[in-house]
Amino acid sequence: MRDYEFYYTQDGSVGLYSYADDDVYHSKFGALTEAWEKFILPAHIEKKLNQQPEIRVLDVCYGIGYNTKALMSFIINSDEKFLKQKNIFQKIKIVLKKILKTFLYRLNIVSIDNNNAKWLNKVLSIPIETINEDNISSIKIDCLDINEELVKISPLLKTIVTPQEIFTNVVPPIFECFETYWKIKKFLAKISLNFAPKNKKEIRELLELKFNKDYDEIAKEYKIHKYVNYILIDSLVDHYKQNYITKEFKKNIKEKSKKKFFNFSLVNYAQFKQNFRYNLLTRFNLFAFLHNIYYDHLSIRYKKSRFKPFSKLFKLNFYINDARKTILNIKGEYDFIFLDAFTYSKAPELWSVEFMAELYKHLSQDGIIMTYSNSALVRNTFLENNFYVGKILDEKTGKFIGTVAAKEKLLIEYPLSSYEIGLCATKAGIPYHDPNLNFDKKEILKRREHEFNTSELISSSMYMKIRKSRSNQNEE
């Protein structure tokens, strides 16, 4: 973990900067917001949720898990409403049965004896239509990443309350009519910085950027459900067994520069689960045994995290390896693929024509791939693999913020324009190649550079000038 710098993004979620790759994992404007807006909402998961027995998801470059966490949160929230409706119907059924039973007895229409007991049971068992719990989709998520440390810490990081949420709850709406409102907002936000974890000047700089009602609403909308991290911890304990929370691991996350970014309640829960399931020595240690009994049966915090009905919905698999090797070995097709690798100049091996071809093989006929990239190179790589390609729209800003690809044309809500398709056919759209999925980064970059320099394709700058000239002529 010494190769990473933690920082808080504007929506209160933790971001990472990689010294090795000289790149950030998440936008400073919101790691969690980015996951929701570029992957979860554009996927329209609700169209398949509880409409088919199983939904399969491939998360390429899991990192610290925001895409998977957001997906799980969306599904749990949806299923909670689903199950709530089911419970309401069941309660109605019970009440109606009681009313019917009382009514029949009071009118002396039915008396209990051997002759009419069967008839009464038949009347009282008249079915009232309910939602069948078997209709709830199970969710299989395969998480791919090469960095084991990041996967391990993913459920243990904090998600804080942002300064914006603090002052929104404090400032009365009546002040919205006056300039005083904005002064009070800024004042309270600066005060709140003394109480919320922060990354020094970054959050102070952000204070001047986005104090508006739209942002406050976004911050409240995109949340990690309280059950998600517990479910992830259980899955990671099953994956690593006694090698999840090691002494060295705990020592690293307790370093002064990192400690404030971790939720140690979750760390303790992970330690408890690991000891209880896999560390036999703790079963003969009286102190550890009593601690486990307390945690399992008495701890209020643990009681509040009873999530077993929802944990059964998810099956998570973690593949810690080069994604190119993993993609060649995994079986089956996926309904949704999240492609969230570093930018193509930093990780060209995960944007090559050949890697995309493997993703095509693993995508179901009505499945979709989503990525944050808007580049001509990425879009042309999809096109070369016979995908239909479109754009991801942020409905709040009206801007296109990513790319979506599918095997079926009807699944593309916002197709590429003729201008964007033309841009893919310029030098900017020349893709990376990795024929055997085993070239190193330098070799892949070198090959594309050679193809770029020797290509007779028009440059992207020249293409834009020609298009602009034609547009001006049409206006005249």
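Residues numbered from 1 in each chain as written. Predicted model: local features only at pLDDT ≥ 70, side-chain atom pairs only at ≥ 80, totals over all residues. Heavy atoms only, no water.

Caption draft 1: Representation of the pattern of salt bridges. A complete count under the given rule lists 11 salt bridges for this structure. A salt bridge links Lys 258 to Glu 255; its shortest N-O distance comes to 2.9 Å. What makes Lys 258 buried here is its relative accessible area of 6%. Under the relative-accessibility criterion, Glu 255 is labelled partly exposed at 24%. Each member of the salt-bridge network shares a partner with another, and the members are Lys 48, Asp 335 and Asp 366. (Salt bridge = Lys/Arg side-chain N within 4 Å of Asp/Glu carboxyl O. Buried < 20%, exposed > 50% of the residue type's maximum accessible area, 1.4 Å probe, protein only.)

Caption draft 2: Molecular detail of the nonpolar core. Counting 70 residues, the largest nonpolar core has Leu 156 and Phe 314 as its most contacted members. Examining the composition of this core, we find that 8 residues originate from one element, helix 9 (residues 228–240), more than from any other. Filtering out sequence-adjacent residues up to four positions away, Phe 314 remains in contact with Met 72, Ile 75, Ile 76, Ile 139, Ile 141 and Ile 231. Listed in part, the 30 residues of the second largest apolar core include Ile 327, Ile 330, Val 378 and Val 389. (Core = buried A, V, L, I, M, F, W, Y, C linked by side-chain atoms within 4.5 Å. Helix = DSSP H or I, 4+ residues; strand = E, 2+ residues; numbered from the N terminus. Contact = heavy atoms within 4.5 Å.)

Caption draft 3: Spatial organisation of the sheet that holds strand 7 (residues 334–339). A sheet is described by the order of its strands in space; here 7 strands give the open sequence 6-5-4-7-8-10-9, paired in mixed fashion. Because the sheet does not close on itself, it has two edges, and the strands there are strand 6 (314–320) and strand 9 (388–394). Strand-to-strand twist in this sheet, taken as the mean axis angle between neighbours without regard to direction, amounts to 20 degrees. Of the strands in this sheet, strand 7, strand 8 (363–371), strand 9 and strand 10 (399–406) are in contact with helix 1 (residues 31–43), which crosses strand 8 at around 155 degrees. (Pairing = 2+ DSSP bridges. Axes fitted to C-alpha atoms, helices over the stretch in contact; angles between N-to-C directions.)

Caption draft 4: Spatial organisation of the environment of Trp 351. Note that Trp 351 resides in the loop between strand 7 and helix 17 (353–362). Trp 351 sits 81 residues away from Tyr 432 along the chain, and the two C-alpha atoms are 6.8 Å apart. If we ignore the near neighbours within four places in the chain, the residues touching Trp 351 are Leu 339, Ala 341, Phe 342, Thr 343, Tyr 344, Met 356, Thr 371, Tyr 372, Ser 373, Val 378, Thr 381 and Tyr 432.

Caption draft 5: Looking closely at unusual backbone geometry. For Asn 50, which is not a glycine, the phi torsion comes out positive at approximately 65 degrees. With respect to the secondary-structure elements, Asn 50 resides in the loop between helix 1 and strand 4 (54–60). Judged by its relative accessible area of 14%, Asn 50 is buried. With a phi close to 70 degrees, Cys 61 is a non-glycine residue in the positive phi region.

Caption draft 6: Inspection of the packing of aromatic side chains at higher detail. Taken as a whole and assessed by the stated rule, the structure comprises 18 aromatic pairs. Summarising the aromatic geometry, the rings of Trp 351 and Tyr 372 are spaced 6.1 Å apart at their centres and angled 90 degrees between planes, so their arrangement reads as edge-to-face. Pair noted here: Trp 351 is in the loop between strand 7 and helix 17 and Tyr 372 is in the loop between strand 8 and helix 18 (376–384), with a separation of 21 residues, a long-range link. Among the residues examined, Trp 351 registers a relative accessible area of 1% and is labelled buried. Ring-pair connections join several aromatic residues into one group, and the members of that group are Phe 6, Phe 261, Phe 262 and Phe 264. When the ring centre of Tyr 66 is taken as origin, the NZ or CZ atom of Lys 69, which lies over that ring, is 5.3 Å away. Across from the ring centre of Tyr 360, 4.5 Å away, lies the NZ or CZ of Lys 407, which sits over that ring. (Phe/Tyr/Trp six-rings, centres within 6.5 Å; stacked < 30°, edge-to-face > 60°. Lys NZ or Arg CZ within 6 Å of the ring centre and 35° of its normal.)

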